[in-house]
Structure formats: C-alpha cells, structure tokens
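Reading the structure
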Amino acid sequence: MIDLRSDTVTKPSPAMRTAAAEAEVGDDVYGEDPTVNELESRVAGLLGKEAALFVPSGTMGNQIAARVHTDREQEVLVERESHIYKWELGGLAQHSGLQVRTIDGGDRGVVTPEAIESGYVEADDHRPGTGLVCLENTHNSKGGTAIAADRIDAACAAAADRDVPVHLDGARLFNAATALGTDPARLVRNVDSVMCCLSKGLGAPVGSMVVGSEAFIADARRIRKLLGGGMRQAGVIAAPGLRALENRDRLSEDHENAERLAEGLAEIDGLAVEPPETNIVLLEPGEPVETFLGDCKTAGVLGVPFEGGQVRFCTHLAVDADDIGTAIDRIAGR
Ligand SMILES: *Cc1c(COP(=O)(O)O)cnc(C)c1O
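The name recorded for the protein chain in an unreviewed UniProt entry is Low specificity L-threonine aldolase, from Natronomonas aquatica. The protein chain has a UniProt comment under Cofactor (unreviewed entry) that states "pyridoxal 5'-phosphate".

As structure tokens, this is what we get:
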C-alpha cells in the first residue's frame, strides 16, 4: 500500500529510535530536561526568535498561542479555510472564549492587508475588538501553498498598525521555506508567534514547537500546563525531534515527488489536478470522491477526501520517486 493520506503517517527512523533510547532526560515541568531544552533553543535559533516551547501537538501549540495573545471575548481574525478555524474543534471559543471572524484569503489562502482592514473591529461599548490575526503557511486547505515573506510582512504591518498581534500556523513552515528558497527566520520575522510541527514532513513521531519572545513563551508554558500538556521526561520524544530537524534538507524531494505525482495524474482521463507548490496535491476526480478513493485503495494507494469534492495526496519521506511512479500506474489502472 502506498500511503499518501498525510505526511504524518511516517514512522520514526532507526536513528530517531536510538536517539530516544539514549536521550538524557529530566523533569521538563521543572525545566530540567536537557534534551527538551536543547530542542527549544535550537528551534528558537532557527526561527530567529528568543524562545520556544515543546508541545505535544500542533493543535495545542496554536491554541496556546491564541490564548496567550488575547483576552476573553475578543475577536480573532482567521482565514476562512484555515486549520485553526476548521479543524481544531472550535478550540478558540472553548479554550479562550474568543469570537471568530473569518476573512477570505482567495485561491492561495493569502491574508491581505485589505482583508485585515475590512475584518478589524475597534473595541467599544458594543463591539468586542480584534485581539489577534492568524496566518497559515503553507496553507493546507489551499493545497500547500507557500506564501512569500513580503505577503506575510504586509499582513503583519496591517495588524501592527492596529496594535493587533499575529500568530502564524506554520505546521509546514519548513516546506514553505524550502519551496520559496527563503530562510525560515526571514519568513517569520514580523510575526509575534509561530507554531511549527516536527511530526509532519520532518518525520518525528510526536511534537510541535511554539516560538516567540521570552515573555510570550513564559506565558505559553503556563497555558500548556493548564491544558494538561506539561510533560515530564519528555527528552525521549524531544530527541527524535532534534533528529527530525535534519530532515529539513530533504523536503525538496517531497516537493519534486508531488510535482511528479501531479504531472502523472494530470495525464489520466477525468482527473483535474492542481499544480502543487509543496508536498500536497489536490485534485477533482470527476466522480464521487468516495468512489475514486475506494478504487484507489483497492488498487493500493491511499488519499483523503477534502472539501468541495476534492482529494488530497501528500508526499513524505516514506515514499520515493519509484513509489510515485507505482502510485500513478495504480491510479491509472484502477
Ligand atoms: C496538522 C496541522 C495542524 C495541527 O497539528 P496536529 O499536530 O495534528 O495537532 C495545525 N495546522 C495545520 C496547517 C496543520 O496542517
């Protein structure tokens, strides 16, 4: 079976398992796990920020950031198709008492200064006031679009003009940086906080990072505890996370494989395939999604249904160019 459902299906490499077994550990709730501390300072350094916090999941990272940046009853501006809005169980309301206002990022999920301007609400006796803007890069629902630094900067400037902080959901930030040929620190220079996942394309078994200023991370640490995310000898999962950072250099292979897959699928009658920007391929199958995915599964390829009658295939480190060739043949012959 060729599993293209998600870049989260990868299993830890032998090197990651060895690193886990050999990790130096301590009680991280007391700040005493040297492996977690190393991972946090490495990622903060990579992103050019003061500090970072290791969290069990990307969802928890996003929710912590939203909670730290806002006061209850404020509004948060999110892109209409963003993960934090669509796929986190309404957590902004549940954990932080926030009202959500969606803004439209168009075909590629780019939040423009104009969209921020039109969505912004000034607090008064009747209106809650905008407390946060959330961006996403790469944008998952839009097909893994990699949003360039100048577009992120422009959104940040519009938010800063109104004294509103910006959080970036960078679950696949390193895919964006690779596709754009931009230093990840440059991509996030003007945002106040970032979440990035170690457990997606980088291949770690568990974990995400929240990154920002020292003061922001000090608050984030308290909220992580509140949400039940304080972990003890977490070095055993931080050590594979450190190894996962080495996989940044090979993300371009995933992007080439996505391109290969899109080109091959585009030749198959009935499939309308969008050219990928990173490791995500979206297509319209020209038949019910369940039928198409069922036939793909029988032929030996897995994908997932996406909104609007679309299908998503995602490349990752457990599939190589030969697997992609096989996947195309299997889907063509289904
Ligand atoms: C996967 C994902 C998340 C959440 O990460 P989990 O570790 O699955 O909770 C957040 N944002 C985006 C864009 C994602 O793709």
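Looking now at the UniProt feature "modified residue: N6-(pyridoxal phosphate)lysine" (unreviewed entry) in the protein chain. The sites that UniProt annotates as "modified residue: N6-(pyridoxal phosphate)lysine" (unreviewed entry) are Lys200. Note that Lys200 resides in the loop between β7 (193-197) and β8 (208-212). With relative accessibility at 15%, the residue Lys200 sits in the buried group. Contacts of Lys200, omitting those with residues within four sequence positions, involve Asp7, Thr8, Thr10, Ala171 and Arg172.

The sheet built from seven strands is open, its strands ordered β2-β8-β7-β6-β5-β3-β4 with mixed pairing. Each having just a single partner strand, β2 (51-55) and β4 (99-103) make up the two edges of the open sheet. Here the average twist between neighbouring strands, direction ignored, is 20°. Along the sheet face, helix α2 (residues 34-46) touches β2, β7 and β8 and points at about 125° away from the line of β2.

Turning our eyes to something else, we now look at the site of the ligand. Around the ligand, the structure places 14 residues, and the nearest of them are Gly58, Thr59, Asp169, Arg172 and Lys200. A distance of 2.7 Å separates an oxygen atom of the ligand from a polar side-chain atom of Lys200. Isolated, the ligand exposes 380 Å² of accessible area, and the fraction of that covered by the protein chains is 85%. The set of elements that each furnish at least two residues to the shell around the ligand consists of α3 (58-69) and β7. Sorting elements by how many residues they give to the shell around the ligand places α3 first, with three residues.

This part takes up the nonpolar core. In this structure, Leu39, Phe54 and Met209 are the most contacted members of the largest nonpolar core, which totals 49 residues. Examining the composition of this core, we find that six residues originate from one element, helix α7 (residues 149-161), more than from any other. When neighbours within four sequence positions are excluded, Met209 is seen to be in contact with Leu39, Glu40, Val43, Ala52, Leu53, Phe54, Val55, Val194, Met195, Cys196 and Leu198. One finds Leu283, Phe292, Leu293 and Ile328 within the second-largest nonpolar core, a separate group that totals 23 residues.

Right, let's talk about the packing of helix α8 (residues 173-180) against helix α12 (residues 251-266) for a bit. Close contact between α8 and α12 brings their axes to 9 Å; oriented N to C, the two are set at 75°. By the angle class used here, α8 and α12 are roughly perpendicular. For the pair α8 and α12, the contacting residues are Phe174, Asn175, Thr178 and Ala179 in the first and Leu251, Ser252 and His255 in the second. Here the contact of α8 with α12 is built from residues that sort into three nonpolar, four polar and no charged.

Take the packing of α2 against helix α11 (residues 235-245) next. Two elements in contact, α2 and α11, have axes whose closest approach is 8 Å; the angle formed by their N-to-C orientations is 35°. Seen along the crossing, α2 lies across α11 with a hand that is left-handed. When α2 is examined against α11, the residues Thr35, Val36, Glu38, Leu39, Arg42, Val43 and Leu46 are found in contact with a partner set consisting of Gly235, Ala238, Ala239, Gly241, Leu242 and Leu245.

Before going further, it helps to examine a negative patch on the surface. Among the surface-exposed residues, Glu253, Glu256, Glu259, Glu263, Glu267, Asp320 and Asp322 lie close enough to one another that they form a single negatively charged patch. Sorting elements by how many residues they give to the negative patch places α12 first, with four residues. With respect to the secondary-structure elements, Asp322 resides in helix α14 (residues 321-332). The exposed category is assigned to Asp322, whose relative accessible area is 60%.

Turning our attention to α3. For α3, built from twelve residues, the straight-helix expectation of 16 Å at 1.5 Å per residue is met to within 8% by its first-to-last C-alpha distance of 17 Å. Most of α3 sits inside the fold, with nine of its twelve residues counted as buried. When α3 is considered as a whole, its buried residues turn out to be Gly58, Met60, Gly61, Asn62, Gln63, Ile64, Ala65, Ala66 and His69.

Here we come to the sheet that holds strand β9 (residues 272-273). Reading across from one edge, β9-β10-β13-β12 is the order of the four strands in this open sheet, with antiparallel pairing throughout. Each of the sheet's edge strands pairs with one partner strand only, and the pair in question is β9 and β12 (304-306). Strand direction decides the pairing type here: strand β10 (residues 280-284) and strand β13 (residues 310-314), joined by four bridges, are antiparallel. In the strand pairing of β13, Leu282 is matched with Arg312. Packing against the sheet, α12 makes contact with β9, β10 and β13, and its axis sits at approximately 15° to β10. Lying over the sheet, helix α13 (residues 289-299) contacts β10, β12 and β13, oriented at roughly 35° with respect to β13.

Reading the values: rules and limits
Residues numbered from 1 in each chain as written. Predicted model: local features only at pLDDT ≥ 70, side-chain atom pairs only at ≥ 80, totals over all residues. Heavy atoms only, no water. UniProt positions renumbered as here; feature names shortened; annotations may be inferred. Helix = DSSP H or I, 4+ residues; strand = E, 2+ residues; numbered from the N terminus. Buried < 20%, exposed > 50% of the residue type's maximum accessible area, 1.4 Å probe, protein only. Contact = heavy atoms within 4.5 Å. Pairing = 2+ DSSP bridges. Axes fitted to C-alpha atoms, helices over the stretch in contact; angles between N-to-C directions. Near = heavy atom within 4 Å. Polar contact = N/O pair within 3.5 Å; in protein donor to acceptor, adjacent residues only side chain to side chain. Areas by Shrake-Rupley, 256 points an atom, 1.4 Å probe, with all protein chains shown as cover. Core = buried A, V, L, I, M, F, W, Y, C linked by side-chain atoms within 4.5 Å. Parallel < 35°, antiparallel > 145°, perpendicular 65-115°, else oblique. Nonpolar A, V, L, I, M, F, W, Y, C, P; charged D, E, K, R; others polar. Left-handed = near helix turned anticlockwise from the far one by under 90°. Patch = residues over 30% accessible without salt bridge, like charges linked within 9 Å, V, L, I, M, F, W, Y side chains within 5 Å. Salt bridge = Lys/Arg side-chain N within 4 Å of Asp/Glu carboxyl O. Lys, Arg positive; Asp, Glu negative; His and termini not counted. Charge placed at Lys NZ, Arg CZ, Asp CG, Glu CD. Expected span 1.5 Å × (residues − 1).

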